Structure formats: C-alpha cells, structure tokens
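Letter by letter, the chains look like this.
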Amino acid sequence: MNDQELAAAALALLRENDVGAFIKPARLQYPHQWNWDAAFIAIGLRHVDAELGRRELRALLRAQWRSGMVPHIVYHAGPSDYFPPPDFWRTAGLPHAGAIPSSGLTQPPMAATAVRLLLDATDDVAGIAFARDAFPHLLAWHRWLHTARDPGGTGLVAIVHPWESGTDNSPRWRCPLAGLGEPAPPPYSRRDQRHVPVDERPVTDDYARFMHLIGLYRGWGWDDTTLWARAPFLVVDVLFNAILLRADADLAEIACRLGQPRDEIDGWRSRGVTAFRERLWDEERGAFLDLDLRSGRRPAADTWATFASLYAGVADPRAATRMVDERLRATGRYAGTHYGLPTVAIDDPRFEPRRYWCGPVWINANWLVARGLRAAGYHDDARRIVDHALELARLSGFAEYYDPRDGSACGARDFSWSAALVLDLLHDPAGV
Ligand code: 2M8
C-alpha cells in the first residue's frame, strides 16, 4: 500500500466511524465520544476535512461541565451496549455537571493542542471563528485542572482514576491501585471483552478497582473538594501533566492570535515546567516518574510515559540524553523488538506484549514521542518511530494497538485515532 492508498484508507475508516454528531473511536467497542480521542481525530482531519475536525471538538466542548471540567466519555445519543452506561455514573442533574450525559472523570487535555494545530492548518474566517468559540471553553477547562486538581497551586495536577490517564491499566497504577485494599465495587457486568480477546483487555482485579473508585466518587456527588480530600487514588501523572503543559503553551498561542490576555496561562505553564523538573525527575532511574500523592511513592514500572516530557518540552538536554541513551535506544528495553515503541520496557517484569496499555505499541504514543524527539533534536529516532507507526498500519490496518514482536493487530480493528494520526504523520512528517 503506498502513502496515497494508506491515507485514503484512513479517511474512509473515519467516515465509516462517523455517526453524524461525532466520530466514534471504534465501531463496536467504543460507540460514544471520548475526550482525547476527539482531539487526535481532529488533528488528523485538519489535513483533509478541517470542518469535520472542528465538528468533533465542538461536540466534545458542548459536553463541558459548569465547573469547567470536560468529561472523558460523552453519551451524545444516550445508552448503548457499552458499559458503563450513562446512568452508572450518576452525574445527571448535578449542579456542577453539564447538559449532556457524561462520565464524571476527565482525560488528558489534548484539545487545546488540536485547536492550535487546526488553526495552523486553516486560519481562514471559519478557522478563526472556531478558535474564538473554543477558546473560552478551553480556558475554563485548563483553569479547572489547575485549581480543582491542584488546589495548592504547585504547578502539577493530579488524576483521581486510572481512566483519567487514558492509559487505563498501565502498570504505573499497580501500586496506587493496590493501596485501595480489597475492592468493593458496586454491582456491574463488564462488556469490554465481547469484541476483544480477554487477554488483550484489563485483568479482572484492575477492572474491579476501576469500578470501586467510580462507586466511591458517585457517592460523593463528584464534588471536586471531596475528591481532592478523600480520593484514595490521587496521582500526579507524568503523561497527563506533559500533555497539559504542551496544551497550555498552545492555549497561550491561541490567546495571542485572538488578541486575548495570556498571562494567566503563561503562569500555569511556567510553574508547571519548574515543578515537573523538580518533582518528577528521578535521578537514580534517569526518568520522569509519576508521584502518588497518597503514599508519596513512585511507580516501580518502566513505561513510555517518561518520554512524554520531551513532547512537553520540559526535559533539559541532560535528562533527554539519559532517557534516549539508557532507555529509548537500549536493546532489550525500548529497542530491539521488531516494532517500536513498546509502551512498557520489554525487560520490565510487568511487560505484556498484547495486553492493552501494558506493552503493545499505540499509534498515539508514537505520535507524541516522535514529536517530542524531533523538538529535542533527535530526528533519526523520531523518524524511526514514525516509520514503525506507518509500517504497522500497512501491515495490520488501523488497529487499536499492536504486538511489538510481530506487528499483529490487538484490541479493536477499526480504531479512529490510529487512522487519524496516520493521516497526520503522512501529511505532516515535518511536524514530528
Ligand atoms: C479506553 O478506555 C475506555 C474507558 O475510558 C475503555 O477501556 O472502555 C482507553 O484506551 C482510553 O484511552 C480511550 O480514550 C478509550 C476510547 O478509545 O478507550
């Protein structure tokens, strides 16, 4: 398949997954709208159908809560056969919630970056009008993140559930989840293993803990102050904060282009960058690591999240060199599998090549890390990771994730952000 055919197949998949109001992440597995999926989808669409990309983000931002939070799942068309259904969350009617049924959690804030990239691609009248409409929503969301999730103004925000990280069952969450003790979830019945093999999805115990946390939080009415004070899972996630810091920079750029003040946003970013370097770098391990605010511990697992610091532009040259030399290029760690970039180091005892966020290659991870490497001057490494993403799509289609040993497809087979980001990589190789 040449580049043109691959791009055509990617666009065709996005059109197939278009349900009218938004593009679903996958045909059977994910029938609703997800937060960071919407941003990745818009990023790819900016090259071929910017208006469809804008529609995607408009639909997401319509679901914003009165508090400013933008939820992680939006049920535009009510329930489906996806679990959890909208009423499981008990968010309806809450004074700080939004008008559209949604989950009570958020997800990595990619949307400001998507709006900025859309604006870069199309700064015509429609493009500017869209950015002008989106800006106050994005500002309110970032403000919510920097206050409700960082009440002390430390510069780093915390997540309250693994689903907020987007990397749901990453081994990074083993310790904080173990800290919950024996899970006591509300009654539930999983439906995520009907279309995807069981060993490619989160294990039963992880899922019980995910539900346990939702049960607690819905009992607290998703109140931000209570969550901050009592959530048993409260973690400063390296990946989430890296995405936020990059998005803060993009939001400041949007403000500038729209003639809006940017001081508040610049303040978030500069506090965040300093805190990220001071509090998340682990000198002994040579990596940026999450911080569990309840136990004060760092994860034992070695995952791709450390490389997100390059994407955020927060890793100084010394940290970047260590991460690249000791990890990214090290055979048996992140190098040496047939296809990169594994999401967990191969020599980590928690590495599982086909299980979801425990090791498989994900196109969005490659996209983020390649952009970061490029920005830090590692052009050849960036190119290698981009080439792997494109090869995987050619070999196994737009899968949700891929086995790094042989490139075979895992998870859902018709996954929108894989298609959208392949489109982006094909159209904007210089972007990475
Ligand atoms: C996955 O998460 C959902 C729950 O939010 C699930 O497993 O049902 C994650 O990969 C997440 O990052 C992604 O946004 C979502 C939809 O693609 O699926």
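Note that the structure is a prediction, hence the values are computed from the model and not measured.

Caption draft 1: Region of interest: the overall build of the protein chain. For the protein chain, the helix and strand inventory stands at 16 helices and eight strands. For the protein chain, the spread of C-alpha atoms along the principal axes amounts to about 50 × 50 × 45 Å. Approximately 14900 Å² of the protein chain is accessible, and the part contributed by carbon and sulfur atoms is 51%.

Caption draft 2: Layout of the environment of Trp65. Assignment of secondary structure puts Trp65 in the loop between α3 (50-62) and β2 (73-74). By relative accessible area, Trp65 is classed as buried at 4%. Put simply, Trp65 and Pro95 are 30 residues apart on the chain and 9.1 Å apart in space, counted from C-alpha to C-alpha. Each residue touching Trp65, except ones within four places of it in the same chain, is listed here: Pro71, Thr91, Leu94, His96, Ala97, Gly98, Ser102, Ser103, Gly104 and Trp222.

Caption draft 3: A look at α3. With 13 residues, α3 extends 18 Å between its outermost C-alpha atoms, agreeing within 8% with the 18 Å of an ideal straight helix rising 1.5 Å per residue. Counting buried positions along α3 yields ten of 13 residues, so the element is predominantly enclosed. Every buried residue of α3 is listed here: Ala50, Leu52, Gly53, Arg54, Arg55, Glu56, Leu57, Ala59, Leu60 and Leu61. In this structure, the buried side of α3 is in contact with α1 (3-16), β1 (33-34), α2 (35-45), β2, α4 (111-121) and α5 (125-148).

Caption draft 4: The arrangement of the site of the ligand in detail. Near the ligand there are 17 residues, and of these Asp37, His72, Tyr82, Gly166 and Tyr356 occur at the shortest range. Gly166 has a polar backbone atom sitting 2.6 Å from an oxygen atom of the ligand. Note that an oxygen atom of the ligand is positioned 2.9 Å from one of the side-chain N or O atoms of Arg201. Coverage of the ligand by the protein amounts to 99% of the 420 Å² it exposes when considered alone. For the shell around the ligand, the class distribution of residues is eleven nonpolar, three polar and three charged.

Caption draft 5: Just the nonpolar core, in detail. Membership of the largest hydrophobic core comes to 155 residues, with the highest contact counts inside it found for Met110, Tyr217 and Trp367. Sorting elements by how many residues they give to this core places helix α10 (residues 238-258) first, with 13 residues. When residues no more than four places from it in sequence are discounted, the contact partners of Tyr217 are Leu105, Val160, Trp222, Leu227, Ala231, Pro232 and Phe233.

Caption draft 6: The arrangement of the pattern of salt bridges in detail. Per the stated rule, a full pass over the model turns up 40 salt bridges. In this structure, Glu51 and Arg58 form a salt bridge, with 3.1 Å as the shortest nitrogen-oxygen distance. Notably, a salt bridge pairs Arg262 with Asp266, separated by 2.9 Å at the nearest N-O pair. Classification of Arg262 by relative accessible area gives partly exposed; the value is 29%.

Caption draft 7: Summary view of the packing of aromatic side chains. According to the stated counting rule, one finds 31 aromatic pairs in the structure shown. Between the aromatic rings of Tyr311 and Trp367, the centroid separation amounts to 6.3 Å while the plane-to-plane angle is 50°, which identifies the pairing as tilted. Here Tyr311 is found in helix α12 (residues 308-312), whereas its partner Trp367 is found in helix α14 (residues 363-375), with 56 residues between them in sequence. Accessibility classification places Tyr311 together with Trp367 in one group, the buried group. With a centroid separation of 4.8 Å and 70° between ring planes, the pair formed by Phe415 and Trp417 is classed as edge-to-face. Above the face of the Tyr356 ring, Arg201 is positioned so that its terminal group lies 4.4 Å from the ring centre. Taking NZ or CZ as reference, Arg218 lies 4.8 Å from the ring centre of Phe88, over its face.

Caption draft 8: Quick look at unusual backbone geometry. Residue Phe83 is joined to Pro84 through a cis peptide bond whose omega torsion reads 0°. With respect to the helices, strands and loops of the structure, Pro84 is situated in the loop between β2 and α4. A cis amide bond links Gly340 with the next residue in sequence, Leu341, at an omega value of 10°. Tracing the chain through its elements places Leu341 in the loop between α13 (317-328) and α14. Phi at Trp222 is positive, roughly 50°, even though this residue is not glycine.

Caption draft 9: Spatial organisation of the packing of α3 against α5. The N-to-C vectors of α3 and α5 enclose an angle of 25°; their axes lie 11 Å apart at closest approach. One element, α3, and the other, α5, form an angle in the roughly parallel class. With respect to the hand of their crossing, α3 and α5 are arranged in left-handed fashion. Residues Arg54, Leu57, Arg58 and Leu61 of α3 lie in contact with α5, whose contacting residues are Ala126, Gly127, Phe130, Ala134, His137 and Leu138. When the residues that make up the contact of α3 with α5 are grouped by side-chain class, the tally is six nonpolar, two polar and two charged.

Caption draft 10: Local environment of the packing of α10 against helix α11 (residues 263-280). Viewed as axis vectors pointing N to C, α10 and α11 meet at an angle of 155°, and their least axial separation amounts to 9 Å. With respect to their mutual orientation, α10 and α11 come out roughly antiparallel. Along this stretch, α10 crosses α11, giving a crossing that reads as left-handed. Here Val238, Asn241, Ala242, Leu245, Arg246, Asp248, Ala249, Leu251, Ala252 and Ala255 of α10 come into contact with α11, specifically with Ile265, Asp266, Trp268, Arg269, Gly272, Val273, Phe276 and Leu280. In terms of residue class, the contact of α10 with α11 is made up of twelve nonpolar, two polar and four charged.

Conventions we followed
- Residues numbered from 1 in each chain as written.
- Predicted model: local features only at pLDDT ≥ 70, side-chain atom pairs only at ≥ 80, totals over all residues.
- Heavy atoms only, no water.
- Helix = DSSP H or I, 4+ residues; strand = E, 2+ residues; numbered from the N terminus.
- Areas by Shrake-Rupley, 256 points an atom, 1.4 Å probe, with all protein chains shown as cover.
- Buried < 20%, exposed > 50% of the residue type's maximum accessible area, 1.4 Å probe, protein only.
- Contact = heavy atoms within 4.5 Å.
- Expected span 1.5 Å × (residues − 1).
- Near = heavy atom within 4 Å.
- Polar contact = N/O pair within 3.5 Å; in protein donor to acceptor, adjacent residues only side chain to side chain.
- Nonpolar A, V, L, I, M, F, W, Y, C, P; charged D, E, K, R; others polar.
- Core = buried A, V, L, I, M, F, W, Y, C linked by side-chain atoms within 4.5 Å.
- Salt bridge = Lys/Arg side-chain N within 4 Å of Asp/Glu carboxyl O.
- Phe/Tyr/Trp six-rings, centres within 6.5 Å; stacked < 30°, edge-to-face > 60°.
- Lys NZ or Arg CZ within 6 Å of the ring centre and 35° of its normal.
- Axes fitted to C-alpha atoms, helices over the stretch in contact; angles between N-to-C directions.
- Parallel < 35°, antiparallel > 145°, perpendicular 65-115°, else oblique.
- Left-handed = near helix turned anticlockwise from the far one by under 90°.

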